[in-house]
Amino acid sequence: MSEINKETILVIDFGGQYKELIARSVRTNGVYSQIVSSDISLDEIKLINPKGIILTGGPKSVYDDNTIKCDKKIFEIGIPVLGICYGMQLMSYCLGGKVKKGAVGEYGIVNVIPTDNKKLPNPTLISLGKEWGRPFRALMSHKDIVTQCPPGFSITAFSENNIAAIENNQKKLYGVQFHPETSHTEFGNEIMRHFLYVICGAKGDYHLDDYIDREIENIKKAVGKNRVLLGLSGGVDSSVCASLLSRAIPNQLTCVFVDHGFMRLGEGHEIERIFSKKKMNFIRVNTKERFLCKLKGIIDPEQKRKVIGEEFIRVFEEEALKLGDIPFLAQGTIYPDIVESGDSAGAVIKSHHNVGCLPKNMKFSKLIEPLSGLFKDEVRIVGRKLGLPKSLVERQPFPGPGLAIRIIGEITNEKLDVLSKVDAIVREEIGRLKTKPNQYFAVLTNTPSVGVKGDARTYDPVVAIRAVITSDFMTCEYATLSHKVLGKISNRITSEVSSISRVVYDITGKPPATIEWE
Ligand code: XMP
C-alpha cells in the first residue's frame, strides 16, 4: 500500500519486540506509520519527510561492539524524535549523556513519578492535562539505564531507582524508558497522542475510507491483463484478499485452497462449501499425504514452517501450470508477517510461512499482496467494508501451518487425528461462553504422562489448552476461564479421546511465552 501523500511517522527499528505495537498505536490514533530498518540513511529519511520519528527499543546495549546505532544527524534536522527504551538510551548516548548497566533490571509494571520542576516547559511530554503530574504505572523491560541526560535535556520523570523520561523541548527530542505503546502503561495512549498531535503537529489524515477503491486501482495497474492465482486458506487475511481481488479482476482470478491436512476438524469441507458458492473460480487441492511425507522426521518448528512454506508454493506452481501457466501469485500477507519474518535488527521469533519461508527459486514472476501494508485489525475493517460476514471477518487467527505447529515433535496421521478431536472439544466448549477469549485452542505435547483408565495403566501425551485475551496478538494475557469450564473440557477430552489421560491449562502471558507453542 502506498501512503506517500499521508503524514508519516517513521518507526526506526532497533530490534524491539514492540515495534509493531508502536506502529499500530500511531495508526490507531489516525497517523500513518512505517517501520524502517535502523540502517536507513539520512537522505532516505529526508525523502520520506516524516512528521516525526520514533526509535524503538532493542535487545542490545549502546556500549556493545556490534550494537545498532543510528545516524546522529537525525537529531539535528528539526524532526521531532521520541526514543523508547533502547531508543532513549541511544539518543542519550549519541548526544553526550551517560548510559550504564543498572544494578538490577526493571521488568514489568513500575511506578513512574513525573518531576515537579516549575522550570520545565509546560506541558512536557509526560505531564499535561488535569490528571498529569501524578505518578502512573508503566511497563518497563530494560537492564541498561540513562544515568546522566545529554546537555540541554531535562529529566521529566523518575522510576523508584532510575531516570524514566527526559526531554529537550526546544529541539523536540524526547526519551522514555518505559513503553507508552502498550496498554499496560497508564496514560500510554495519551503520551503517544501528545507526541503525534502536539509535538509533531500531525493532523490525523490516516483512515481506511478510500482504501478499497485505491487498492482496486493499484491491483488493476499491477496485474494488467495477466491471470492471478490466489492462495486461499479461508482465514481472515486470504478471504479479505480474495474479496478485494475478485472485485478488481474478477475474470482473471483463480483461488486455490491447498488442504495440507492440518486444518481443524471439518474445516476443509467448510471452506470448500463457503467459497464454491461464491462467484469465483475456486479449486481445492488435497495434499495431506504429500505434506506429511515432506515433514517426516522434522521436529524443529522453524524447519516445519520452512518446509510447509515451500511446499505451498510448489503446489501453487503445479496448479498454475495445469491452469495454463498463470504468472502471478497473490497472497493475503499482512504487515506483521513481513515485519516479523524479515526482521534484520531483532531476533526472528517466528518466520511466517508466506514470507520468510518462500523458496528462492519460485516460478511465479510477480507477487501480489494487497494487504501487506495493513495490521490485522485494519484487515478486519477492510473486510467489513467489503461486506464479508462477521463470522468470517472476526474469526480467530489460525496459523498457516495449522495443527502442524500445535503438535510438538514429529507430525503423524495419528497425532493429527487426536489433536483435531481434542481441538474440536476445546473450541466447542469455549465457543459457548458469552464472552470468549480472542484465541483458544489445544496443543498436543510430546511429553507422555502416566495415567489410569479402566484400571489399566496409560502412558499418553499430555494435552495443553491455551486461551488468551489480546487485542493485537503481540502481547496477551491468559484467559481466566472458570474451573467449571476447564473441568468440563478436561472430562470430555479424557473420556471422548481414548489416547489422552491428562490435560493441563497454560497460564502464561506473552511475553514471556508466545501464543502458539511452536
Ligand atoms: P505467536 O505464537 O507468535 O502468535 O505469539 C501470534 C499470532 O500469530 C499466529 N501465528 C501464525 N500465523 N503463520 C500464521 O499465519 C504462522 O506461522 C504463525 N505463527 C503464529 C498465532 O496463531 C497468533 O494469532
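Cut-offs used in this document
Residues numbered from 1 in each chain as written. Predicted model: local features only at pLDDT ≥ 70, side-chain atom pairs only at ≥ 80, totals over all residues. Heavy atoms only, no water. Phe/Tyr/Trp six-rings, centres within 6.5 Å; stacked < 30°, edge-to-face > 60°. Buried < 20%, exposed > 50% of the residue type's maximum accessible area, 1.4 Å probe, protein only. Helix = DSSP H or I, 4+ residues; strand = E, 2+ residues; numbered from the N terminus. Lys NZ or Arg CZ within 6 Å of the ring centre and 35° of its normal. Pairing = 2+ DSSP bridges. Axes fitted to C-alpha atoms, helices over the stretch in contact; angles between N-to-C directions. Contact = heavy atoms within 4.5 Å. Salt bridge = Lys/Arg side-chain N within 4 Å of Asp/Glu carboxyl O.

A.B. asks: I'm lost on the packing of aromatic side chains in this one. Help?
C.D. replies: Aromatic ring pairs are described here by two measures, namely the spacing of the ring centres and the angle between the planes. As enumerated under the stated definition, the model contains 13 aromatic pairs in all. When the ring of Phe275 is compared with that of Phe282, the centres are 6.1 Å apart and the planes differ by 15°; the resulting orientation is stacked. Here Phe275 and Phe282 have matching classes, each one buried. Ring geometry for Tyr335 and Phe375: centres 5.4 Å apart, planes at 75°, overall edge-to-face. Of this pair, Tyr335 sits in helix H10 (residues 335–341) while Phe375 sits in the loop between strand S14 (366–368) and helix H11 (376–385), and the two are 40 residues apart along the sequence. Across the pair, exposure class does not vary: Tyr335 and Phe375 are buried alike. Sitting above the plane of the Phe398 ring, Arg264 keeps its charged end 3.9 Å from the centroid. Cation over ring: Arg457 sits above Tyr459, and NZ or CZ is 5.4 Å from the ring centre.

A.B. asks: Explanation requested: the sheet that holds strand S5 (residues 98–114) in the structure shown.
C.D. replies: Sheet strands pair by backbone hydrogen bonding; their relative direction is either parallel or antiparallel. Here we have nine strands laid out as an open sheet, ordered S2-S1-S3-S4-S9-S8-S7-S5-S6, and mixed in their pairing. Looking at the sheet topology across the chains shown, the edges are occupied by strand S2 (32–37) and strand S6 (136–148). The mean inter-strand angle of the sheet, taken between neighbouring strand axes irrespective of direction, is 25°. Sheet topology places strand S1 (residues 8–13) next to S2; six bridges connect them, and they run parallel. For Thr8, the partnering residue across the bridge sits in S2 and is Tyr32. Packing of helix H3 (residues 86–94) onto the sheet brings it into contact with strand S3 (52–55), strand S4 (81–84), S5, S6, strand S8 (163–168) and strand S9 (173–176), and relative to S4 it is tilted by some 120°. With respect to the sheet, helix H4 (residues 188–199) is in contact with S1, S3, S4, S6 and S9, its orientation differing from that of S3 by roughly 150°.

A.B. asks: Mind showing me how you'd approach the pattern of salt bridges here?
C.D. replies: Where charged atoms of side chains with opposite charge meet at close range, the side chains can pair. Within this structure, the stated rule accounts for 34 salt bridges. The salt bridge partner of Glu186 is Arg137, with a shortest N-O separation of 3.9 Å. Highlighted residues: Glu186 in the loop between S9 and H4 and Arg137 in strand S6, separated in sequence by 49 residues. Here Arg137 falls in the partly exposed class, since its relative accessible area comes to 44%. Where salt bridges share partners, they join Glu428, Glu429, Arg432, Lys488, Arg492 and Glu496 into one cluster.

Taken by themselves, the reported measurements are silent on function.
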